[in-house]
Structure formats: C-alpha cells, structure tokens
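Take a look at the letters that make up each chain.
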Number of protein chains: 4
Amino acid sequence: MTITQPDLSVFETLESEVRSYCRGWPTVFDRAQGSYLYDEDGHTYLDFFAGAGSLNYGHNNPVLKRALIDYIERDGITHGLDMGTTAKRAFLETFQDVILRPRDLPYKVMFPGPTGTNAVEAALKLARKVKGRESVVSFTNAFHGMSLGSLAVTGNAFKRAGAGIPLVHGTPMPFDNYLDGQTPDFIWFERLLEDSGSGLNQPAAVIVETIQGEGGINVASAEWLRKLADVCKRWDMLLIVDDIQMGCGRTGGFFSFEEAGITPDIVTLSKSISGYGLPMSLTLFKPELDVWEPGEHNGTFRGNNPAFVTATATLDTYWADGQMEKQTIERGNQIEAALRTICAEHSGASYRGRGMAWGIEFEDKSRANKIARRAFDLGLIIETSGPESEVVKLLPALTTTPDELDEGLRTLARAIRETA
Amino acid sequence: MTITQPDLSVFETLESEVRSYCRGWPTVFDRAQGSYLYDEDGHTYLDFFAGAGSLNYGHNNPVLKRALIDYIERDGITHGLDMGTTAKRAFLETFQDVILRPRDLPYKVMFPGPTGTNAVEAALKLARKVKGRESVVSFTNAFHGMSLGSLAVTGNAFKRAGAGIPLVHGTPMPFDNYLDGQTPDFIWFERLLEDSGSGLNQPAAVIVETIQGEGGINVASAEWLRKLADVCKRWDMLLIVDDIQMGCGRTGGFFSFEEAGITPDIVTLSKSISGYGLPMSLTLFKPELDVWEPGEHNGTFRGNNPAFVTATATLDTYWADGQMEKQTIERGNQIEAALRTICAEHSGASYRGRGMAWGIEFEDKSRANKIARRAFDLGLIIETSGPESEVVKLLPALTTTPDELDEGLRTLARAIRETA
Amino acid sequence: MTITQPDLSVFETLESEVRSYCRGWPTVFDRAQGSYLYDEDGHTYLDFFAGAGSLNYGHNNPVLKRALIDYIERDGITHGLDMGTTAKRAFLETFQDVILRPRDLPYKVMFPGPTGTNAVEAALKLARKVKGRESVVSFTNAFHGMSLGSLAVTGNAFKRAGAGIPLVHGTPMPFDNYLDGQTPDFIWFERLLEDSGSGLNQPAAVIVETIQGEGGINVASAEWLRKLADVCKRWDMLLIVDDIQMGCGRTGGFFSFEEAGITPDIVTLSKSISGYGLPMSLTLFKPELDVWEPGEHNGTFRGNNPAFVTATATLDTYWADGQMEKQTIERGNQIEAALRTICAEHSGASYRGRGMAWGIEFEDKSRANKIARRAFDLGLIIETSGPESEVVKLLPALTTTPDELDEGLRTLARAIRETA
Amino acid sequence: MTITQPDLSVFETLESEVRSYCRGWPTVFDRAQGSYLYDEDGHTYLDFFAGAGSLNYGHNNPVLKRALIDYIERDGITHGLDMGTTAKRAFLETFQDVILRPRDLPYKVMFPGPTGTNAVEAALKLARKVKGRESVVSFTNAFHGMSLGSLAVTGNAFKRAGAGIPLVHGTPMPFDNYLDGQTPDFIWFERLLEDSGSGLNQPAAVIVETIQGEGGINVASAEWLRKLADVCKRWDMLLIVDDIQMGCGRTGGFFSFEEAGITPDIVTLSKSISGYGLPMSLTLFKPELDVWEPGEHNGTFRGNNPAFVTATATLDTYWADGQMEKQTIERGNQIEAALRTICAEHSGASYRGRGMAWGIEFEDKSRANKIARRAFDLGLIIETSGPESEVVKLLPALTTTPDELDEGLRTLARAIRETA
C-alpha cells in the first residue's frame, strides 16, 4: 500500500458500487508503457494482467501509437458507423491478406459493435437465425459477456443472478476434464443428442472458449476440441469459438483454435484485436452463414476507425511472419518453467496453461486473492479467476521481455511465499 | 454518384451482408472536420447525420483533438477496465461539477461498457434487481439497442426478428400522440396497472426516449413526460430515460428531460458523451438504487480512458455555462423555419422536432429514401428513420454554423423538389 | 350457518390450504337433485352456481342418470384413452348431427383431456404450430385455466403469481367496454398490428370469452365480436373462442358466439359438455388447421366414456330442436326483470348478462362477498367473480324452473337488502 | 384384423388427426370386464395395457361398480368443485387411515384437477413458489404430461415440439443407468450443483418417476433413488416423485418409492387412484410446503365425487392389509419368469421391470411395434413405449389372475415368434 493515500474519493462517492478492479488495486494509475503501469504517486507496476488480455502488444505500443496519432492528426474519420472508410478498407484488406488467407480461413467479417459481448450476441443471433432453433449449448465455467444473450451462456452464478430474469435457452455441458478424469468426453452430450427422448432442445450451436480465462484458465486439449468439432458436425450444430480473450496470439497462433486444426463456423474476436486497448470486435463466419439482412444487427460504435488503424498496424507489424507465434511459445516455456518450480515448492499448488495464458491453483481456495493483493504491494498487477477466484491468472503482454517476465515471476513467487 | 467508381470491393466481398449505411452512401470516406466529411476522391459532404447523434461537437473537434493527442502522446492510460485512473477521476469530478450538481441531480455513475446497448442492459438489470420483477414497459417505436435485453424493449419488428428467440418480458405502450389524438394519455396503461385482473405482469420499470430518433423523430411533450413520471411514481415502477441519442445537448439542455422538469430514476448516456465519436457510455441512477455488488456487471472496455479525456474536454468547453443550450435552441429555430417553408411548399409533408433533432415526413412513405439518396448526390449526408424509413431525419452537429445549416437546408429543399 | 356444526375436521387438517369454495360454504353436501343441493344435516340449498357452469342441466339430471347407470350396468367401456368405442362413436355422430351440421360448422373434434385447461392448452399449441409464432393475445380479465399455457393468457394477478415463473408469450388487450366508453374498439390493437415498429410480437392467435364469467360477467357485444373476428382475419391470426363456461347453451344458443354470427377458427368446450358434471372437454377447429401428428398431444382421461354417454344424452334430449335456446332466453328475461328491480332499489348497483349468465355489481366492492355469505345462510348457493370478487354472479342451471328462479331471485334480493 | 370391417368412419372423418391408439387397434370396443375388452363385433381382447396403468383393478371392477352405482342411484353429489362433500370426506379419511398413517407419511392432500398433468402442474407451481426459483431438473426420457408446465419437464422431442414455444426452465439429467454403466451416478448433477460457475440455474426441485413407463420401462434402483433423495436434501431442492403411472400398487407397494425407503417432498397420483378409470388426481406434499393461498390453484373438475367413491372403495377393498402388495410381487415373478424364457429364446431381446410393470426390448427397434400389432390380431392388447417405441410394455391389471397372465404371456411369446 502506498504511504501517501491516493485520492480515491470521487470513485468512492460518485462511482457505482459495481466498480471492482479498483478495489483490489487501490491507487490511481496515470501512465503506462509496454509492460508497466505508473500511478500518480510515481509507483511502478509490472503488468501481468494486460487489460484482461486486451493489451497483448503492451501498453501504448509505440508502433501503434505512431499510427494512431498520425491518423488523428490528419483528421481521419473517427466515428464511421458502417460507412466505407479508408481505414476500414485497409483493415479488411490486411486482415484478409495477413490472417485469413494464409490460414485458408473462408470467413466473412462482421463489425458487430466494439465490445466482446456485442460480438457474442451477433454470433448467437446468427446461429439461431441460420438453424431456426433457440437453444445453445455452452460449457461449465464459460464466460461470454454481460448482456442478456451472452450472459445466458455464461456459467458464473453471481453474474447470472444480475440479469434479474431467468436466463434460458442455454444448457451447460462439461468442459474438458471437468468430471473425474474417467468419464469419457462428450458421453453425456452425445447421449442427449442421439436420444430423441432426452429432453434436450436441439441446439442451434455450441459456444466454447479453447481456454477459459475467466473460468480459471481451464485448457481444452486439441483432441477434445477436435471431438467437439466432430460432434457439432454430426449433429448439425454450429461451432462458435469465442476467441475474445485467447485469440490475437495469446496462445501462440493468431487464433487459439489453430493448434487443434479445426475451423469453427463462427469466431468472435475482441480485446486485443485493436492492439491498443481501443474498443473493437469482430464476428467471423463461414460465407454460407451470411444470411443477415442489411442492418438486421447494428451498433453505433461498430465503426471505431482509430481502432481499425491500430489493428491494421498490429497485423502488419506482428503477424506478417511467424515470429510472434514462435516468441509466444518461447515465453510460455519460460513461464511454465517458473510455475513448475513454484508448484514444486508449494504443496497443494498446481498450474496449467498454454502460450502466454497460465493459472496457478491452490488447495486453499482463498489463497489466490491473498497472493494477488500481496503482489500488488510488491508492484505486480495480477488477477485471479475461477468461480471462487481460486486461480492466480497470468496474462502478461505478448511483448513482455524475458527479463520482465523473470522479474514478474520472481515477484509472484515471493508473493506466494509470503502468503503461505 | 462519383464519376470515378470508388474501390468498394473488399466491403462487398469480405464484409458481411449486414452492412447497411455504406449501401446508401457508396463511397469511401477518408477525412472529416467539423461539419464536413471528405471521401478519398476529394468529394465534400455536409453532414446532417453526425454519427447518428454521436458527433454533437462535430468531426474531430480541434479542442478535443488537442486533448486527445496530448493524452496519447504522454502515454496516458488507454485501457483501464474499472481501475482508478487520473483521466477517469477528472471526468467524474467534472461531470459532477459541470453537469450533475448545477442540475441538482443526485445520480451515481456507472461505466457499463462503452456502447449504448451496454448502458441499457445495465439499466434494465438494475431495475429488475431493485424491484424483483422481470417485466419492463417500453413504447411503440422505441429503439434501445441490439443485444438481447435491449432488443426486447425495442419496437422494430425486423430488428426483433434478428434475435432468433422470442423476445419476452417487455410490453409496449403507446408513445405520446400514437393513437387518434382523442384517446387520453395513459388511459390504457393505467387501467392495466390498477386492474389486478388485467393480465399485465407488474413492471419493474418503464423505459422511454424523450424523442424517438430511430422511431421517426417522435417528440414526447413535456406534459406527457411529466404524466409518465407520475404514473411511474404512483405504481412503483422505475423510470428509465434512454438519453443515448437525445442527451448531451441534442435537444438543448444537457439532458433531454430537463425541459420537462422530471428526474428519472435511471438515465443512460452514450453516443456524444465522449464528444469525439469514441465509444463510451454511462448509466446514471439515484443513489438508493445502487444495489450492485462489486463486479456484478462488468465489461472489458468500460474504462476507455481516451474517451474520458475528450468527454471531460467537452464538459469544460461547452457546458460550463448556458451558451450551448442557448445556441442549440437558436439553431433549432433556424431549422424549424426552413422546414416550415419546405412543408408549406410540399403538400403531404409535415415536420416535427426539438433542439437540433428534426424530422420531415411525407404522405408517400417511399419518398424519404429517395430524398436521402438525392441529397447524397448533392453532397449532403442525411438519414431516414421510422418503422418504414418514412421520415427524413436531421441530426446536424450542434456546432454546425448558421451558414452551414443554411447550406444543408437548401440542399435538402432541393433534394425534396427533385424527388417530387 | 347450521346449528349443528358440520364435521369439517378432515378438510381442515388433511386437505391443502388451497381449498376455497368450502370456506365460503362451510357445510358438507351429501346429495343433489335438479336445482337443489342437500347437506348431510338435512339443509336444502337452491343452486345458482351450477358447478361454475358445469351443471347446465341440473344436478343428477334423471335422463342422463338413466343413460349413465345403464351404461355402467352393462359394463360399457369406462376408460378408453382414444380408442374407438361405441360410446365415443355415438357421441361424435350425435355431435355432428345435432350441433355441427345444423349450424354449418365445419369443425374437426379433438379430445384433449377432460378438463377445460387441457382444451385450452391444446388450442394454444395448435394455433402456435399452425402459425409458427409464439405470441397469443388475450383480454383483460380473461380466465382460461391453471396449467402454465392457459395461465399465461389469464388475467388474474393472484393466480398468475402462483405460476412461480414469469408468464410470457401473452399480451393483454382491452376487452369490450374496458376503457372509457369513448376510445374506439381495437384502436390500440390495430395500431400495434399495422405498425411494424410497435414492438408487439406478431400473434399466432387471439383467445377470447364472449362473456367473461370469472372476470366479472363482462359481456362482449355481438358487434365487438364481429369486429374482433375481422381483425383476426385481416391480420392473419387465429380466433379462439373459449366457450368452456358460456357454451353448451349458457347464453341461449349452443355456442355463445352464434348470436354474433361468427365462426371462430378454434373453439374450446368443457364444463357442461358432459351434462352430468363428469370431466370432459373438446377442442374444435377448422379442418385445415388439423395439422396434428398422431399422438402429438394426448392425455390419460381423454376417453372418459361415461361422460360421452351423458353428453350424447344431453344432445338428444335438449338440442334436437330449438326449445332449449328459446327457454333459456325466456328464463334470462325473467332474471333480467328481477335484477332491474333490484338495481332500481339499490343505488350503486348495476347488472349485466345474457341468457342465463348474469352479474350484479355494487359500488362498494366488498358488498358482493357479504351478499354471497348471507345468501348461503338463507339457503342460496351463489358465487362472486371479478378481479376483486366485486360481482355477484348468477349461473343457475338452464333447467331451473320459473318458480325456482323466482325463489332464488327473491332470496338474492333479501340477501342484498340485509347486507345494505 | 376382424373380418367384418368395423365402422370407424366417424373417427376418420370427424375426429382430429391427433388420435393415436385407435390407429393401432382398429376396432370399436363396446364392453369390458376385469382383464378383458370386447369389441362390438364380439371379439375378445385380453388387456395387458390397463388404460396405460389407469385400471389397476381391472375394467369395471364389480366392487367399485356397486359402490359407484349406489352413489349415482342415491343422487350423491356428482360435481363438487372443492366443496365439502360426504364422498370427499370419506375418501380423505380413508386415504389417511389406510395409506398415509400406516406408512408414516405426513402429507397434506391437494385436489389439483382430475388429470395427471394437473397434478404435475400443481406440484411444479408449489415447488417454485416455496423455493422462489424457476428451474426444475427432470430426467432423460421422463414423461410428466402435455400441458406446458409438465411438457417442459418431459423428454420426448416429438411431444415437446407440439408446444409451439421453446420449453424452458427445465434441465434434463441422466436417469439411472443412462450412460455407460461406468459413469458414477449423479457425478454430473452434483458437479453442476457444487460449482457456482457451472451455469446451471439453481433448481427449485427435481421431478422423477421411479420407473419411467412412457420412457421405456426404465427402472431406477432403490439405491439410485436414495442417492437422489440425498442429493436433493443436500442441495436444498424439493424431490417430486411423479407416481401417476407407477403408484397405486403398480410396483407392489401403494407408492412405488416405498421400496427405496424415501419420503419425497411432493408426490403426484392419478391414473389408478380412482380405481375405476374415472378422472381423478392428487398432489401430496409435506405440511410445511402447504403455502398455497386459498384458490391460488383451482380447477372445475377437482371434485369429481364419483371418483372419490370408487377410490375409497379401492382403499377399503385392496389396501387395508398387505395382500395386494404380496400378490403383485407374486404376479411380477410370474411375468419375469415368462420374459426370461422369451429372452432366452430370442437373441437381442432383453427385459426389465418391477411389480407388474415390465418391458421387453429388442435390438431391432422396429420390432416392438410389429409385436404389438400381431398381438392385437391374436387378441392381446399391449403397447410399446420408449423414445422410438422400441419397448413392448406390459401393464396388466393388478387383478389379472395367474391363468390370464399365463394366457397373455403365451400370446405375447407367439407374437414375438411370429414377427421374428
């Protein structure tokens, strides 16, 4: 805790009780650069949270910053609804050339509004429209957003209760490795599907995260994802991969599902797609699903052109070759090695993850929050996740240097020791 | 239409069929300044649409631009979730000092995510949570957003159908002047409320726009709004004013409901709150309604700090005194005079509006689209609204000069003549 | 109240608190014949309630009783599911010959289960299936049953609350004469239908009672019903007349809608269709609506053959000519004359009705219950209805003699006087 | 098939396409006595269906018949709504003395309307009201009725589709032995309950059949039922046993759950409760759950007094001592022996059951229907069940004599042979 008390008064008196992160990190941040945040009292914080995965390229990345300022300086279109703009065209062309074409992905691109939940709502609407069915299957501990459509396929009971209405049309299925490790994958889901007496409303779609970030860094294996894709195909359900947190390179490849070799029917992207932390999201889908009527879904900020500019810059800068993916895997190895050591030293600790998304869980479920608090005091921003906030979640920027990673992992180890 | 065909190919091949405005304005915009848009072929367009009301202070307003670039240059926090930041604190303090306190409005401020539909979803959730009831009353031709919660209180059948599930928990009531002009206001609504056999599920809240922008520039009178506030009070329903399009000075006062002298329980703001076209929204509510648990509603981009910076600048620049309101009313008078002349010259034309939100309707419902198309060819960006796109909608920036207004109104008059 | 206290103990200790009529009539009934009930202590009660309209031909009508006993004696099929039986065939043939053919009604006949709510559930399912839409319009103060489908189109807030889930897919519209007497019929309903921005989900059907029995003996005029039929036709909605309480001759003609000259798409019958108070119901519909798959709706007791036997006997006995209708209208005139006199003598009293369904309402809404209680003490069984039980409801058996009617009306007049 | 074609014309022309059993048994039944049905052409049919379990005491059981005729002859109350009657009092007292008290069951008794689905609807309403939650868990291949509330917890996709609206608020769980025989019971259900991130809406109740009759004679073991009761208790969910088909002695004890030694919170009874095939049903619940307001649930035929008379007679005649249970178990042994022999002779055949509810399943799923058809030709009424009608279901009356059983089982064996 800082010695000089930060002036938090207006947050405490004027801002709603709903505020949350500011409670765990009781200071006032002022600047940020790369992997570091700086508060107004001059304290420095290494960021292992990266805007919940929105800042894969670090804070105020200089390449993107240059592009952004140039665009603003020259009075480029800022707010464009879904009008054609040069910034949007550049983004679309680059996204096609750098991302879709090399991966042989046939997707159409929709700008559903600039937030993740907009992208999920659009994906669910489209799936229901295409299939003419209401029901959607999601997974235990899924997180897809806070608006009613997305919330209905989100697992967290506390957040669901906030809806104030019963959330329906969604059915949860067990995520990979959810049960006892013995029960065969999809045995329950497939029995429900094949049995016309099962009582399951035939789903329009299945929505899944390849790694559940909010759910506790639960990692679906490539094999499980392939089986899921196969189940969807055999039972005429669309497969939606919500890649909002795990896409844009977080796990290595641009899309987190690349490793599994599957091609989802619909993909949602947001968080790090603009690269600079600016609101932007995409809903991608196979061309045969593009049954939208003009304007059937819209949104005021779906044409956030400054975000298109920085998004285009990230693609050109980081994705024109395979370096980014390679580097993320190396950094992931560095993280894993450190976590292995930590868990070896602390009984009851286990870790899991992929690319640069990792979690450590302790048998004592209250431990994670204590660690995050202690880490903050030690100058490390790190968050918890999981239904009981029982998992310490590592989401450093992909651009974090090996030295920075090392620094943060050492701080984390210390916070773990000091909360034992 | 431009002589050189603009290169629209990537929009047509890669972007989803859902795109809409770009169809009516088939060009590629590149720059914008104040009241004007410029396409890449050098054509100039006077903007009477202003980002559907998101650009009340004009495109790339130089004061806001300066503040924005300074903030980016100095590596101010860009993406802040709901962490405390100096930019957020400055916004909150300024919003309190410049907006809330002078109007004696007691609201708490929530950052529900950066789009209008996020703000509406949060408002509906909160109302339902506070009252423990599911049902919400909305009005004919209401527009509140595209995510499922907001869509359920939106009137447009085409957009509702996009949901792919039956939209429930909402009941429409007649907006001001919806029926025959004879039927007393609220006679139906109040009978339903007072009769325990009516079949209406007791509503948690009523959500209303003071002027329905998307619905066709339908203007609720101050008296009707006061009666509505009274109905809500007497029947224990929360009154939510969705001021996303009509707030931020569009009708004169900062809030569109000021003229009626009412204090809604919950208010949503978005579109022009950042002033620069950057995604931002607020949900305001009376302090006794602030029953949120920390994190019960959240959103990745709810802390879009660059938007806070420009928002603060708009408040300091335009709202520290009463000039803006006065100017808007003067500009409104200028518009009204021109519309009066137009309607006098065209039988079957009528107009309505308030402040700088106006609509012209023609008996021939297909006329409005023809006018908007012709206006585009003449260099004027203007949109239609209403359930059958039968209303030409005027939403120029509040900063439009009298000369620019005059130019646009003359172009509009010409487009009307040329489509007769 | 009886002098010897009846033995009600098992009802009070073992039967659920949900019991209701037995509270207002605290005695133990033992026998019944024609218009009279007899309790075990030898008291006689004239019955102006007739099993809530289920005993139009009186208690234990001797003609029906003979047919019923003969059938039981000869071991006729009792429980027949939907197997072909001689009793069912006789009923179907008679229903066709005596009821449908003379009225030129083209209906197919469905046995949806033996209660009214079964018939309504089947009607709603069929309408939704035929039209492919979920929404159904009902009317203020409608009563259609207690299972979830029927309850969702029932107005009473107290009964709706019993559902324990939010009741959706139904929208109430104002019944005839519901508003101020000035507002044109259907102005609101038609505006909603014609305006694609109204927010009303396009209904599959409209369900209506011609006289709302539970709702307070609210009488729809023939003209209003014709307008409603026309609205349904013009807007492609099925018209369902719920004739459970008002059919089977209660208002004069066999169907209550005959007077209006309309042919509903679907009709529900129950209560007095068996004539003997045995559970039975029918759902009738135009042949082009018969899109049911075999067994798509079913029910264990849909083949209650003893009820078919008594039903057939009622048709042969009472409906082979026009005498019944004529007699009911005469008896109705007798009732109306008495009510006119009563209301002339009691300020604040008004009456309404048709055929042999009548109601008296008092300005003092608590009066009706006092009257019913006093009437019971005076040996008259009479019930209240309306959302606040503010209406004394007269539903004597159609077979009540003029002298019996006179006796009951005099007792009623006395009960009114004595509660003044 | 009969040689003289039965006159089925009115069924084919006037009755709805929804009719079903009459298609498989294309004759016109006229009389019935004990275990036999007789058609109008003089053919005799041994009944192994017993009104889908509604005729546990055989057709037109002479003891009940005598009581019924006596009651009708003496003009006992026929239709009694929920008024106190001597017939109802006698039933309640006898039910308490003969059924509840000896089993130490504390239940309050509700008359929810005379059909099974009425009883289930009331049970679900009550559970939701008590717990203040909407969600109810049911099981794969459950059957609970055709009205919307019951249908939402029924498994059959074909019947669910008939609803015409999406059925919500229900979640299916695997019934006993549903998966691979390896997966531990309730592993999935309990994980969902204990994990606050699972996405399962916390259920108000679990509804279960001890043997799923319509679902294919799926037998829950006593141990599984005990575990289920324990899960319900630990997770604060009410346990509803739907004993409509398996109660009233079908499996041996009066209630089918007696063998497991559990005491459900709510129990539904119907089908054989009247004993004579007359519509009647009960909803039983623990006294602390009796939170109904008077009249909060009602129904016109909930006081079907002739059914109370025969119901009382069944209790006095068959349940005053333990003979009935003993006899049913003996008869069950006789059936099992025969089925064992049959299955030994036919590869791919298996059987299961308990008491006098048994099923035979064949690997060839189309076989069951062929057997039932052939059996009919051979004078045996027998039905199929299961999601694909793949199970031959034996539900003979409990009063079937050993010789009759033997006759039917031999006919069944022949039908199986002849369809091989």
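Along each chain, the written sequence defines residue order, and numbers are assigned to residues from 1. Naming scheme: in the order in which they are written, chains are lettered from A and ligands are numbered from 1. Reporting in this predicted model follows two pLDDT cut-offs: at least 70 for local features of residues, and 80 or more for side-chain atom pairs to be given and counted; totals over whole chains, interfaces and linings ignore these cut-offs and use all residues. Values reported for side chains reflect all heavy atoms of the structure, with hydrogen atoms and water molecules removed beforehand.

- Going by what an unreviewed UniProt entry lists, chain A is known as Diaminobutyrate--2-oxoglutarate transaminase and is assigned to Streptomyces coryli.
- UniProt positions are given in the numbering used here, feature names are shortened, and annotations may be inferred rather than shown by experiment. Word for word, the UniProt comment on chain A under Cofactor (unreviewed entry) is "pyridoxal 5'-phosphate".

**A short note on the interface of chain B and chain A**
In step 1: Contact criterion: two residues are considered in contact whenever any of their non-hydrogen atoms come within 4.5 Å of each other. Across the contact, 104 residues belong to chain B and 104 residues belong to chain A.
In step 2: For the pair chain B and chain A, the summed buried area comes to about 9300 Å², and 60% of that belongs to carbon and sulfur atoms.
In step 3: Each salt bridge in this description consists of a side-chain nitrogen of Lys or Arg and a carboxyl oxygen of Asp or Glu lying within 4 Å of one another. Across the chain B-chain A interface, the total number found is 10 salt bridges.
In step 4: As used in this structure description, the phrase polar contact means that two N or O atoms lie within 3.5 Å; if the pair is within protein, one of them must be able to donate a hydrogen and the other to accept it, and residues adjacent in sequence are counted only when both atoms belong to side chains. Across the chain B-chain A interface, the total number found is 52 residue pairs in polar contact (both at pLDDT 80 or more). Here the quantity called buried area is the total loss of accessible area, with a 1.4 Å probe, experienced by two parts when brought into contact, counted for both.

**Notes on the interface of chain D and chain A**
In step 1: Taken together, the contacts link 33 residues of chain D with 33 residues of chain A.
In step 2: Between chain D and chain A the total buried area reaches about 2700 Å² when both faces are included, carbon and sulfur atoms providing 56% of it.
In step 3: Connecting chain D to chain A are zero salt bridges.
In step 4: Linking chain D to chain A there are 16 residue pairs in polar contact (both at pLDDT 80 or more).
In step 5: Looking at the side of chain D that touches chain A, the elements that each hand over two or more residues are helix 8 (157–161), strand 6 (170–173) and helix 9 (187–194) of chain D.
In step 6: Helix and strand definitions follow DSSP, with helices as H or I runs of at least four residues and strands as E runs of at least two, each counted in order from the N terminus. Ranked by residue count, the leading element in the side of chain D that touches chain A is helix 9 of chain D, at four residues.
In step 7: A per-class count over the side of chain D that touches chain A returns 15 nonpolar, 12 polar and six charged. When residue character is reported, Ala, Val, Leu, Ile, Met, Phe, Trp, Tyr, Cys and Pro are called nonpolar, Asp, Glu, Lys and Arg charged, and the others, Gly included, polar.

**Describing the sheet that holds strand 17 (residues 391–394) of chain D**
Residues and elements named next belong to chain D.
In step 1: On the basis of which strands lie adjacent, the open sheet formed by four strands has the order 13-14-17-16 and antiparallel pairing. Of all strands in the sheet, those bounded by a partner on one side alone are strand 13 (349–354) and strand 16 (383–385). Between one strand axis and the next, the sheet turns through 30 degrees on average, direction left out of account.
In step 2: Strands pair, by our definition, only if DSSP identifies at least two bridges between them. The pairing of strand 13 with strand 14 (residues 357–362) spans six bridges and is antiparallel. Bridging from a neighbouring strand, alanine 349 pairs with phenylalanine 362 of strand 14. Every angle, taken between N-to-C directions, lies between 0 and 180 degrees, and every axis is a line fitted to C-alpha atoms, over only the stretch in contact when it is a helix.

**As for unusual backbone geometry**
In step 1: A positive phi angle, close to 55 degrees, is found at Cys248(B), a residue other than glycine.
In step 2: Between buried and exposed lies partly exposed: a residue is buried under 20% and exposed over 50% of the maximum accessible area for its type, with that area taken using a 1.4 Å probe on protein chains only. On the accessibility criterion, Cys248(B) (0% relative accessible area) is buried.
In step 3: Positive phi is not limited to glycine here, since Ala52(D) has a value of about 55 degrees.
In step 4: Turning to its location among the elements, Ala52(D) is positioned in helix 3 (residues 50–53).
In step 5: Residue classification places Ala52(D) among the buried positions, given a relative accessible area of 3%.

**Notes on the relation of the copies chain B and chain A**
In step 1: Taken as rigid bodies, chain B and chain A are interconverted by a rotation of 180 degrees and an axial shift of 0.0 Å, the fit giving an RMSD of 0.0 Å. Those values place the two copies in the arrangement expected of a two-fold rotation axis. Taking C-alpha positions as the reference, the residue of chain B nearest the rotation axis is Leu148(B), at 2.7 Å.
In step 2: Interface overlap between copies: 100% of the residues of chain B at the interface are likewise at the interface in chain A, consistent with a symmetric, same-surface contact. Fitting of the copies onto one another was done by least squares over C-alpha atoms, counting residues only where both copies have pLDDT of at least 70.

**Re the confidence of the model for chain A**
In step 1: Within a predicted model, pLDDT stands for the predictor's per-residue confidence, ranging from 0 to 100. With 99% of its residues at a pLDDT of 70 or more, chain A has an overall mean of 97.
In step 2: Overall fold confidence for the complex sits at a pTM of 0.97, while the interface term, ipTM, reaches 0.97.

**Structural notes on the relation of the copies chain D and chain A**
In step 1: Its rotation angle being 180 degrees, the transformation that places chain D on chain A also includes 0.0 Å of axial translation and leaves an RMSD of 0.0 Å.
In step 2: Mapped onto chain A, 100% of the interface residues of chain D are again interface residues, and the two copies thus contact each other with one and the same surface.

**Comments concerning the packing of aromatic side chains**
In step 1: Centres within 6.5 Å make a pair out of two Phe, Tyr or Trp rings, where for Trp the six-membered ring is used; the pair is then stacked when the planes are under 30 degrees apart, edge-to-face when over 60, and tilted otherwise. For the structure on display, the rule yields 80 aromatic pairs over all chains.
In step 2: Taking the centre distance of 5.1 Å and the plane angle of 50 degrees together, the rings of Phe111(B) and Phe308(B) count as tilted. You can see Phe111(B) sitting in the loop between strand 4 (108–110) and helix 6 (116–131) and its partner Phe308(B) sitting in helix 11 (residues 305–318), a full 197 residues away along the chain. Note on accessibility: Phe111(B) and Phe308(B) belong to one class, buried.
In step 3: A network of ring pairs unites the aromatic residues Phe91(A), Phe95(A), Phe111(A), Phe254(A), Phe255(A), Phe257(A), Phe308(A) and Trp319(A) as a single cluster.
In step 4: Over the ring of Tyr178(C) we find Arg191(B); its NZ or CZ atom is 4.0 Å from the centre of that ring.
In step 5: Above the ring of Phe362(D), the side-chain terminus of Arg367(D) is found at 4.7 Å from the ring centroid. The rule is short: NZ of Lys or CZ of Arg within 6 Å of the ring centre and within 35 degrees of the ring normal puts a charge over the ring.

**Looking at the sheet that holds strand 12 (residues 282–285) of chain D**
All names here are of chain D.
In step 1: In spatial order, the strands read 4-12-11-10-7-5-6; together these seven strands make up an open sheet with mixed pairing. The open sheet has two edge strands with one neighbour each: strand 4 (108–110) and strand 6. For this sheet the average axis-to-axis angle between neighbouring strands, irrespective of direction, equals 25 degrees.
In step 2: Bridge analysis of strand 10 (residues 238–242) against strand 11 (residues 266–269) gives three bridges, and the strand direction is parallel. Pairing of isoleucine 240 across the sheet is with isoleucine 266, part of strand 11.

**So, the nonpolar core**
In step 1: We call a set of buried Ala, Val, Leu, Ile, Met, Phe, Trp, Tyr and Cys residues a nonpolar core when their side-chain atoms join them within 4.5 Å. Counting residues in each nonpolar core, the largest one holds 437 residues, and the members touching the most others are Phe95(A), Phe95(B), Phe95(C) and Phe95(D).
In step 2: When sequence neighbours within four positions are dropped, the list of residues in contact with Phe95(A) reads Leu100(A), Val109(A), Phe254(A), Phe255(A), Leu269(A), Ile273(A), Leu282(A), Leu284(A) and Leu315(A).

**Overview of the side chain of Lys271(D)**
In step 1: Take Lys271(D): it is sitting in the loop between strand 11 and strand 12.
In step 2: Of the buried charged residues, Lys271(D) lacks a salt bridge, with Glu214(D) as the closest side chain of opposite charge at 5.2 Å.
In step 3: Here Thr300(C) takes part through its side chain, which lies 2.6 Å from a polar atom of the side chain of Lys271(D).
In step 4: The contacts of Lys271(D), once residues within four sequence positions are left out, are Thr300(C), Phe301(C), Ala52(D), Gly53(D), Ser54(D), Ile244(D), Gln245(D) and Met280(D). Residues counted as positive are Lys and Arg, residues counted as negative are Asp and Glu, and His and the chain ends are not counted.

**Notes on the domain arrangement of chain A**
How big an interface is tends to be expressed through the accessible area that disappears when the partners come together.
Residues and elements named next belong to chain A.
In step 1: Per the annotation, domain bounds derive from an automatic or database assignment of domains. Annotation of chain A at the domain level lists domain 1 (9–61 + 323–418) and domain 2 (76–319).
In step 2: Facing the 31 residues of domain 1 at the interface are 30 residues of domain 2.
In step 3: Counting each side, the surface lost to burial between domain 1 and domain 2 is near 2500 Å², with a carbon and sulfur contribution of 48%.
In step 4: For domain 1, the biggest contributors to the area lost against domain 2 are Ser54, Tyr57 and Arg354; these three give 30% of the whole.
In step 5: Between glutamate 214 and lysine 393 there is a salt bridge whose closest N-O contact spans 3.0 Å.
In step 6: Taken together, the links from domain 1 to domain 2 amount to 21 residue pairs in polar contact (both at pLDDT 80 or more).

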